[in-house]
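Understanding the architecture of this molecule
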Amino acid sequence: MRLSIYRFNPETDLKPRMQDYELAPEAGDKKLLDALMRLKTIDDSLSFRRSCREGVCGSDAMNINGRNGLACLTPLVGLKEPVVLRPLPGFPVIRDLIVDMTQFFAHYHSIKPYLINDTVPPERERLQSPAEREKLNGLYECILCACCSSFCPSFWWNPDKFIGPAGLLQAYRFISDSRDTATAERLAYLDDVYRLFRCRTIMNCTEVCPKGLSPSHAIERIRQALVRESS
Amino acid sequence: MRLFLGQRAWVLQRVTALVLLFLLALGAATLLTGPPLDYERWHALATSTHGAVLIVVFFAALGLHGWIGVRDIALDYIHAPMLRLALLAVVGVLLFAIVIRVVLTMAAHFAGGA
């Protein structure tokens, strides 16, 4: 198979370049990450992140043939050649396919991604009804791979101010949690022309989420919650 | 201006969009039904009390909707504060002038008793 991969080493390169590779996948190579791992044995200077290799850690998010995805979940079969691999768009490149996610996680931390409940804790645990727990489905599964935020034009335009689809999906995960008592504070924080309302409902986030989640739907629900809160 | 921040601008944009949609549909239905549209009928529609009020409401909603839309584009693409402020001021004045012009035209018509 043929691959064309974005290469950039800040220590030696003035500007990035695309490097072509020819690779013969072996029988066990099913996913794009398998091919990249095999390529790494040929060219050990190629840098990319990976860890769990099964779509749980979100480390190997990259732009694959113009579309963000996880290398470990992308089948080799059906990939158009040459397979063009680039780092996540809109993120500063550290080296090759590795991007700097500092700002992405700063946005994530800004929405206080943990349960806030000032009431006296019960002896064992805060129970939820099945219906209350059901509301978290489609939200808690986010692995923070950044495929969505990196494919969002609103995030490209204002990466320092717009929280982005991943952060907003996580924000709604806690807003909709029956055990959380800080809904009003969370909504007040999000009621901002940049943090939430830069979303133009382009829906690239929902289109590329490798876990099949819908950040745009979560953003819409936050907007509805804001309207309900203020009416 | 708090009115144009966060969800208020977002709600205003959608409310004005609904107003515009309703008035456009109403206008289309009015024009497509009844006798052929000539100058006399157009004049009568525009200068009736209901017609005049709806035209003013339409242009007011259009001005507000347009300004919020331009503001959104400016927030996305123009990051220099003074340039953005200048653009929003110019567009705001232009849209406001259009609305005032419509109001004055209608007011002059009714004041003249025509």
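Residues numbered from 1 in each chain as written. Chains lettered and ligands numbered in written order. Predicted model: local features only at pLDDT ≥ 70, side-chain atom pairs only at ≥ 80, totals over all residues. Heavy atoms only, no water.

With that out of the way, let us pick up the UniProt feature "binding site: heme" (unreviewed entry) in chain B. Residue and element names in this part refer to chain B. Following the UniProt record, one finds the feature "binding site: heme" (unreviewed entry) at H65. When you line up the elements, H65 lands in helix α3 (residues 49-77). Note on H65: relative accessible area 24%, which makes it partly exposed. Non-local contacts of H65, meaning those with residues more than four positions away in its chain, are made with Q13, T16, A17 and L20. (UniProt positions renumbered as here; feature names shortened; annotations may be inferred. Helix = DSSP H or I, 4+ residues; strand = E, 2+ residues; numbered from the N terminus. Buried < 20%, exposed > 50% of the residue type's maximum accessible area, 1.4 Å probe, protein only. Contact = heavy atoms within 4.5 Å.)

Moving on to the environment of A:L32. Residue and element names in this part refer to chain A. Residue placement: L32 occurs in helix α1 (residues 32-42). L32 sits in the buried class, given a relative accessible area of 0%. Linking L32 and N204, residues 172 residues apart in sequence, is a C-alpha distance of 22 Å. Leave out the neighbours within four places in its chain, and L32 touches L3, I64, A71, T74, L76, L79, V83 and L85.

This paragraph deals with the nonpolar core. A:L3, A:I5, A:L32, A:L36, A:L85, A:L190 and A:I222 are the most contacted members of the largest nonpolar core, which has 66 residues in total. The element that contributes the greatest number of residues to this core is helix α6 (residues 164-175) of chain A, accounting for 6 residues. Discounting residues that sit within four places of it in the chain, A:I222 has contacts with A:L168, A:A171, A:Y172, A:I175, A:L187, A:L190 and A:L196. By size, the runner-up hydrophobic cluster in this structure holds 6 residues, among which are B:A9, B:I68, B:A74 and B:V91. (Core = buried A, V, L, I, M, F, W, Y, C linked by side-chain atoms within 4.5 Å.)

Looking now at the interface of chain A and chain B. Of the residues lining the interface, 14 residues belong to chain A; the matching set on chain B comes to 13 residues. For the pair chain A and chain B, the two sides together bury roughly 1,300 Å², of which 50% comes from carbon and sulfur. Counting across the chain A and chain B interface gives 3 salt bridges. Two residues, B:D72 and A:R200, come together in a salt bridge whose shortest N-O distance is 2.9 Å. Counting across the chain A and chain B interface gives 10 residue pairs in polar contact (both at pLDDT 80 or more). Sorting elements by how many residues they give to the side of chain A that touches chain B places helix α9 (residues 215-230) of chain A first, with 5 residues. Here the side of chain A that touches chain B is built from residues that sort into 6 nonpolar, 2 polar and 6 charged. (Buried area = accessible area lost by both parts, 1.4 Å probe. Salt bridge = Lys/Arg side-chain N within 4 Å of Asp/Glu carboxyl O. Polar contact = N/O pair within 3.5 Å; in protein donor to acceptor, adjacent residues only side chain to side chain. Nonpolar A, V, L, I, M, F, W, Y, C, P; charged D, E, K, R; others polar.)

Once that is clear, we can look at the layout of surface pockets. In this approach the atoms are scanned with a rolling probe the size of a water molecule, which exposes any empty space left behind. All names here are of chain B. For the largest pocket, the calculated volume is near 540 Å³. Taken together, 18 residues line the largest pocket, and the ones lying closest to its centre are G27, W42, G51, L54 and I55. When residues of the lining of the largest pocket are traced back to their parent elements, those giving at least two are α1 (6-32), α2 (39-47) and α3. If you tally residues by element for the lining of the largest pocket, the top one is α1, at 7 residues. Residue composition of the lining of the largest pocket, by class: 13 nonpolar, 5 polar and no charged. (1 Å grid on protein atoms, 1.4 Å probe; cavity = no way out; pocket = protein on both sides within 12 Å on 5 of 7 lines; lining within 4 Å. Points joined across faces, edges and corners; volume = space filled by probe spheres on them.)

Before going further, it helps to spend a moment on the sheet that holds strand β5 (residues 83-86) of chain A. Residues and elements named next belong to chain A. Spatially, 5 strands are ordered β2-β1-β5-β3-β4 in an open sheet, and the strand pairing comes out mixed. Each having just a single partner strand, β2 (17-22) and β4 (67-70) make up the two edges of the open sheet. Neighbour-to-neighbour, the strand axes of this sheet turn through a mean angle of 30°, independent of strand direction. In this sheet, β5 lies alongside strand β1 (residues 2-7) in parallel orientation, the contact comprising 3 bridges. Counterpart to I5 in the pairing with β5 is L85. Contacts from α1 reach β1, β2, β3 (61-64) and β5 within the one sheet, and its direction differs from that of β1 by about 75°. (Pairing = 2+ DSSP bridges. Axes fitted to C-alpha atoms, helices over the stretch in contact; angles between N-to-C directions.)

The subject of this paragraph is the state of the cysteines. Inspection of the entire model under this criterion finds 0 disulfides over all chains. Here A:C52 is not cross-linked by a disulfide; its sulfur's nearest cysteine counterpart is in A:C57, at 3.6 Å. (Disulfide = S-S within 2.5 Å.)

Count 3.6 residues to each turn of an α-helix, and residues three or four apart come out pointing the same way. Under the 1.5 Å per step criterion, the end-to-end length of α3(B) is 42 Å for 29 residues, consistent within 8% with the ideal 42 Å. Along α3(B), the residues that are buried comprise B:G51, B:A52, B:F58, B:A61, B:G63, B:W67, B:I68, B:R71, B:D72, B:A74, B:L75 and B:D76. At its buried positions, α3(B) is contacted by α5 (153-157) of chain A together with α1, α2 and α4 (81-112) of chain B. (Expected span 1.5 Å × (residues − 1).)

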